[in-house]
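Observations on chain architecture
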Amino acid sequence: MIRLHNLRKSFGNNEVLKGINLEVDPSEVLVLIGPSGSGKSTLLRCINNLESPTGGEVTVDGEWVNRTDLKPRAFQKHINRVRTHMGMVFQHFNLFPHKTVLENILEAPTQVLHRNQEEITAEALELLDKVGLAEKKDSYPVQLSGGQQQRVAIARALAMRPSVMLFDEVTSALDPELVGEVLLVMESLAAEGMTMIVVTHEMGFAERVANRVVFMSEGQIVEEGVPKEIFSNPREERTKQFLADVLK
Amino acid sequence: MLDWQIITHYFPFLVKGAIITLEISVISLVLGLVAGLAAALCILSTNPLLHWPARFYVWIIRSTPLLVQLFIIYFGLPQFGIGLSPFWSGVLALALNTGAYNAETIRGGILAVPKGQREASRSLGMSKALTMRRIILPQALRLIIPPLGNNFVILIKDTSLVSTITLVELTLTAQRLIGSTYKPFEMYLMAAVLYAILTTGASLLLRQVERRTTWGHV
């Protein structure tokens, strides 16, 4: 469903992704782990082209994402359409502060997909219910806790009915006691069969929920496998070192 | 001592002048906002054909005196067959002038919106234009209202320069009445009071707009 072929990304002279090959199957939950600066977030952001790859190919649902054969204007049209199939959740939530919770969720479905207001409102309320925030629909983001904001952000992404969800360190900015409520929402999403790529430092979540764990270091995939394998029996020295550092 | 008889007798004449000042202010303000927004968006554009002319516009206006700009438009343009009335010369000069300052104010506000807002919008499939209109500008508005208010107040006061091209607004009304009454203190005092009323009114109006952008903040 998602295929990265020889994906490269440089910022100036700094090569952050050094030829990544990766495939993600439908309904798979793939967790990316690795030290900071290893390129996990950049990899995630290359999938929906928030960062444009310097080389290689990104394919989602059989569609070439980072098309290099299009003129800028045509590419913008293409990428806007492709992005509607991919939901992304950010470390700092990035809710729209000038809109209520409900308006945040309705924004893209109504403005981009031009969906029927009534129909999508009913759906949005259902999503809010699912993330446990139905009673907050008329609140503004500033009135919510970090955990609540992040759950709204998940609902906002889901309202586009994406075929894949990208999670970029979504619990890293949360107070420790708020992490659980967000992970719980993600877990139930995984149980429903959503295809997910998750960059995280929550090793417990990775162990419980991931179908596959990928360990990255210095812009390369060092090791990948089922969680049990990676966590209890890592083959590579760098993986062992990293796990020893985070789990101690 | 103040000559109250003069004040009560001539006040209505000055109010008339103040109405002209108000008219020229409001029209310049609206045009200056449009010009400022357009210039700000052009400066932020990656297209050099938009970026550089806008940069040039802001630079040339900010580096020359308003009075000279006004004279070029009113006295200079007729040489090229473009003769504008004092009123519209004044409007054009003031709108171009305040527009350049608004451009910098608006550009600063747009840049101050956290980049995560743009990323979140784009990740949802929103186009650049839609993101600007629905997400960035409303948030920038909140940041630019106070400095924009400053520009408005300066604009209102700068309209007094238009008196130099024979537009009988508040300042020139006062000057003309001094010619016949020899009461400069009373006349200029009334003019000052009326300017203060106009600028304060503008500030209060803007505070109302600001109040609507609290979005849950206390």
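Residues numbered from 1 in each chain as written. Chains lettered and ligands numbered in written order. Predicted model: local features only at pLDDT ≥ 70, side-chain atom pairs only at ≥ 80, totals over all residues. Heavy atoms only, no water.

Our focus in this paragraph is the overall build of chain A. A tally of helices and strands in chain A yields nine helices and ten strands. For chain A, the spread of C-alpha atoms along the principal axes amounts to about 55 × 45 × 30 Å. Counting only residues that meet the buried cut, chain A has 56% of its 248 residues in that class. A fraction of 64% describes how many contacts in chain A between residues 6 or more apart in sequence connect residues 24 or more apart. When the accessible surface of chain A is split by element, carbon and sulfur atoms take 46% of a total near 10800 Å². (Helix = DSSP H or I, 4+ residues; strand = E, 2+ residues; numbered from the N terminus. Buried < 20%, exposed > 50% of the residue type's maximum accessible area, 1.4 Å probe, protein only. Contact = heavy atoms within 4.5 Å. Areas by Shrake-Rupley, 256 points an atom, 1.4 Å probe, with all protein chains shown as cover.)

Of regular secondary structure, chain B possesses eight helices and zero strands. Seen in sequence order, chain B has helices and strands lined up from the N terminus as α-α-α-α-α-α-α-α. In terms of its C-alpha atoms, chain B occupies a principal-axis envelope of roughly 70 × 50 × 20 Å. Burial statistics for chain B: of 218 residues in total, 45% are counted as buried. Across chain B, the fraction of contacts at a sequence separation of at least 24, relative to all contacts at a separation of at least 6, is 75%.

A few words on a nonpolar patch on the surface. Residues and elements named next belong to chain B. There is a patch of nonpolar side chains on the surface, built from F80, I82, L84, W88, L92 and L96 and spanning about 550 Å² of accessible area. Relative to the helices and strands, L84 is located in the loop between α3 (66-76) and α4 (86-112). For L84, a relative accessible area of 31% translates into the label partly exposed. (Patch = residues over 30% accessible without salt bridge, like charges linked within 9 Å, V, L, I, M, F, W, Y side chains within 5 Å. Salt bridge = Lys/Arg side-chain N within 4 Å of Asp/Glu carboxyl O.)

Two strands in a sheet stick together by hydrogen bonds in their backbones, pointing the same way (parallel) or opposite ways (antiparallel). All names here are of chain A. Across the sheet, which stays open at both edges, the four strands sit in the order β2-β1-β4-β5 with antiparallel pairing between neighbours. Since the sheet does not close on itself, it has two edges, and those belong to β2 (14-24) and β5 (63-64), each with one partner. Here strand β4 (residues 55-60) runs beside β5; their pairing, made up of two bridges, is antiparallel. For T59, the partnering residue across the bridge sits in β5 and is W64. Lying on the sheet, helix α1 (residues 40-47) is in contact with β1 (2-11), β2 and β4; it crosses β1 at an angle near 120°. (Pairing = 2+ DSSP bridges. Axes fitted to C-alpha atoms, helices over the stretch in contact; angles between N-to-C directions.)

To continue, consider unusual backbone geometry. Residue and element names in this part refer to chain A. The backbone of F93 sits at a positive phi, close to 65°, despite the residue not being glycine. Along the chain, the position of F93 falls in the loop between β6 (86-89) and α3 (101-111). On the basis of relative accessible area, F93 is assigned to the buried category, the value being 12%.

So, on to the packing of helix α1 (residues 4-44) of chain B against helix α7 (residues 170-181) of chain B. Residues and elements named next belong to chain B. Their axes nearest at 7 Å, the elements α1 and α7 cross at an angle of 150°. Viewed along their axes, α1 and α7 adopt a mutual orientation that is roughly antiparallel. Every pair of crossing elements has a handedness; the one defined by α1 and α7 is right-handed. Contact residues: I6, Y10, F13, L14, G17, A18 and T21 in α1; L170, T173, A174, L177 and T181 in α7. Taken together, the residues that form the contact of α1 with α7 break down as eight nonpolar, four polar and no charged. (Parallel < 35°, antiparallel > 145°, perpendicular 65-115°, else oblique. Left-handed = near helix turned anticlockwise from the far one by under 90°. Nonpolar A, V, L, I, M, F, W, Y, C, P; charged D, E, K, R; others polar.)

Quick look at helix α5 (residues 146-158) of chain A now. In this model, α5(A) (13 residues) spans 18 Å end to end at C-alpha, consistent with the 18 Å of a helix rising 1.5 Å per residue. Summarising burial for α5(A): 13 of the 13 residues are buried, a large majority. (Expected span 1.5 Å × (residues − 1).)

Across the boundary between the two partners, chain A contributes 27 residues, which contact 21 residues of chain B. Summing the contributions of chain A and of chain B, the shared interface buries around 2100 Å²; its carbon and sulfur component is 58%. Of all residues in chain A, the largest losses of buried area upon contact with chain B belong to F96(A), H98(A) and Q111(A), amounting jointly to 25% of the total for that side. Between chain A and chain B we count two salt bridges in total. The partner of R45(A) in a salt bridge is E119(B), with the nearest N and O atoms 2.7 Å apart. Our count for the chain A to chain B interface comes out at seven residue pairs in polar contact (both at pLDDT 80 or more). Taken together, the elements giving at least two residues each to the side of chain A that touches chain B come down to α2 (72-83), β6, α3 and α5 of chain A. Sort the elements by how many residues they give to the side of chain A that touches chain B and α2(A) lands first, with four residues. (Buried area = accessible area lost by both parts, 1.4 Å probe. Polar contact = N/O pair within 3.5 Å; in protein donor to acceptor, adjacent residues only side chain to side chain.)

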